[in-house]
Amino acid sequence: MAGSGNAHLRSDPNTLLRIENMVVEFPAGRKGKVHAVSDVSFDVVEGETLGIVGESGCGKSTTAKAIIQMPKPTAGNVWFNGKDLASLEGEEMRRMRPEIQMIFQDPISSLNPRRKVREIVSEGISVWGSGRSADGAFTQDRIDEVMTSVGLKPEMVSDRRPHEFSGGQCQRIAVARALVLDPKVIICDEPVSALDVSVQAQILNLLEDMKERYGLTLVFISHDLSVVKNVSDRVMVMYLGKVCEVGDGDHLFDHPAHPYTRALLSAVPGGGGRFEDSAESLEGELPSPINPPDGCRFHTRCPRAEDKCRSVEPQLAAVDDGDHFVACHFPHEVGVQFDLRNGGDTAEAAAEVAGPEEADA
Ligand code: SF4
């Protein structure tokens, strides 16, 4: 299979996570297989937040789950701290699990309804070990510490169950559950999509605070470009299992070069339809991942498609002197600035209307 190019991979000595040529495929009965993730590579430097963005079905959540080997990728490498997670088995994999934690989209259903909050938060310690101390008292201190850090009062919430809390409070419990294992990386899979706009900003601010306090590295997945822009240092745009654009977040959003990225930006509420040519292109249906288009996978919806796009897969290549790479035969000039910050529902805007709904936990 032709690759999408690895020109965007960096040689930073502080790289913590490096995904190389990841492929994830699922059987699809007699029709063949679902090409969920096709030859995807990226890296994340320690302390960085990588935003992964794209429509539903683009493979971003499958990519995230394959990093933690649930499921194991069909092919490719997942380098973490010098080890290829894709090659680890048994006890070796078990020892690595606490290092990379996940936070999921639906906070209420991601928590066991029969368990009390303290049991939920401490779950990882009993399954994986805290990695800090075998001393029981210390472990209890650790549970109290993370609950307090995320804005929960241990004495008020420990004996309550998830259904007694709002969505935002449940997401705080999920963040505490992830933090208690002292992970290096947290993968946040649409962590605010199921929450009211007024609560979204509170959870985004919480994740920023926890990143700072615990020295975390984040992979932040969302279909919402406004959210991704506000939390990410670097951004990777995916379409139908492929990377189509990656680079410094501010630069990429101000100077999108891939027609799909421009289409996504034009679809942002309040985005002003700056790229009207691209906005029209998203009207088509997302092709089936069982039988993805040849050549560029976006060619069936792209207003700039030419014959070459239907047969030759574009490789990621630099479009300027900075950290900006695009997989497109005919990328847009990167000179025109698109100011998403003046668009509609940004996290800053949400912060202004954030209410005190969670302050009582
Ligand atoms: Fe469009 Fe062709 Fe670029 Fe694909 S390679 S995004 S079809 S112009």
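Scoring rules and cut-offs
- Residues numbered from 1 in each chain as written.
- Predicted model: local features only at pLDDT ≥ 70, side-chain atom pairs only at ≥ 80, totals over all residues.
- Heavy atoms only, no water.
- Near = heavy atom within 4 Å.
- 1 Å grid on protein atoms, 1.4 Å probe; cavity = no way out; pocket = protein on both sides within 12 Å on 5 of 7 lines; lining within 4 Å.
- Sits in = over half its atoms within 2 Å of the grid points.
- Nonpolar A, V, L, I, M, F, W, Y, C, P; charged D, E, K, R; others polar.
- Helix = DSSP H or I, 4+ residues; strand = E, 2+ residues; numbered from the N terminus.
- Expected span 1.5 Å × (residues − 1).
- Buried < 20%, exposed > 50% of the residue type's maximum accessible area, 1.4 Å probe, protein only.
- Core = buried A, V, L, I, M, F, W, Y, C linked by side-chain atoms within 4.5 Å.
- Pairing = 2+ DSSP bridges.
- Contact = heavy atoms within 4.5 Å.
- Axes fitted to C-alpha atoms, helices over the stretch in contact; angles between N-to-C directions.
- Points joined across faces, edges and corners; volume = space filled by probe spheres on them.

Turning our eyes to something else, we now look at the site of the ligand. The environment of the ligand is formed by 13 residues, the closest being Cys296, Cys302, Cys309, Cys328 and His329. With respect to the detected pockets, the ligand is housed in the second largest cavity. Of the residues in the shell around the ligand, the class split is nine nonpolar, three polar and one charged.

In this model, helix H6 (residues 167-179) (13 residues) spans 18 Å end to end at C-alpha, consistent with the 18 Å of a helix rising 1.5 Å per residue. For H6, the complete set of buried residues consists of Gly168, Gln169, Cys170, Gln171, Arg172, Ile173, Ala174, Val175, Ala176, Arg177, Ala178 and Leu179.

In this section: the nonpolar core. Val121 and Leu179 are the most contacted members of the largest nonpolar core, which totals 59 residues. Among the nonpolar cores identified, the runner-up in size contains 36 residues, and Leu17, Val185, Ile221 and Leu316 belong to it.

When a strand is regular, its side chains alternate between the sheet's two faces. For strand E10 (residues 242-248), a buried count of six out of seven residues is recorded, marking the element as mostly surrounded by other parts of the structure. Here six bridges tie strand E9 (residues 234-239) to E10, and the two strands are oriented antiparallel to one another. In the strand pairing of E10, Tyr239 is matched with Lys242. Linking E9 to E10, which pair antiparallel, is a turn of two residues; within it Leu240 sits at a positive phi near 45°. Across three bridges, the pairing between E10 and strand E12 (residues 324-326) is antiparallel. Pairing of Glu245 across the sheet is with Val326, part of E12.

The strand order E2-E1-E4-E5 describes an open sheet built from four strands, whose pairing is antiparallel. For this open sheet the edge positions go to strand E2 (33-45) and strand E5 (83-84), each flanked by a neighbour on one side alone. Relative to E2, strand E1 (residues 15-27) runs antiparallel, the two sharing nine bridges. Note on E2: the bridge partner recorded for Phe26 is Val34. Across the sheet, helix H1 (residues 60-67) is in contact with E1, E2 and strand E4 (75-80); its angle to E1 comes to roughly 115°.

Time to look at the environment of Ala305. Checked against the element boundaries, Ala305 lands in the loop between helix H11 (276-281) and helix H12 (307-311). Placed 46 residues apart in sequence, Ala305 and Pro259 show a C-alpha to C-alpha distance of 9.6 Å. If sequence neighbours within four positions are ignored, Ala305 has contacts with His299 and Arg310.

If you trace the eight strands from one edge of the open sheet to the other, you get E6-E7-E8-E3-E9-E10-E12-E11, paired in mixed fashion. Of all strands in the sheet, those with a lone pairing partner are strand E6 (100-103) and strand E11 (317-318), marking the two edges. Where E6 meets strand E7 (residues 185-189), four bridges bridge the pair, whose relative direction is parallel. Counted as the bridge partner of Gln101 is Ile186 from E7. Against the sheet, helix H10 (residues 259-266) touches E9 and E10, its axis set at about 100° to E9.

Here we come to empty space enclosed by the protein. Here the structure, examined in full by the defined rule, presents four cavities of 30 Å³ or more. For the largest cavity, the lining is made up of 13 residues, of which Lys242, Val243, Cys244, Cys296 and Arg297 are closest to its centre. In terms of residues, the lining of the largest cavity owes the most to one element, E10, which gives three residues. In terms of residue class, the lining of the largest cavity is made up of seven nonpolar, three polar and three charged. When its volume is computed, the second largest cavity comes out at roughly 80 Å³.

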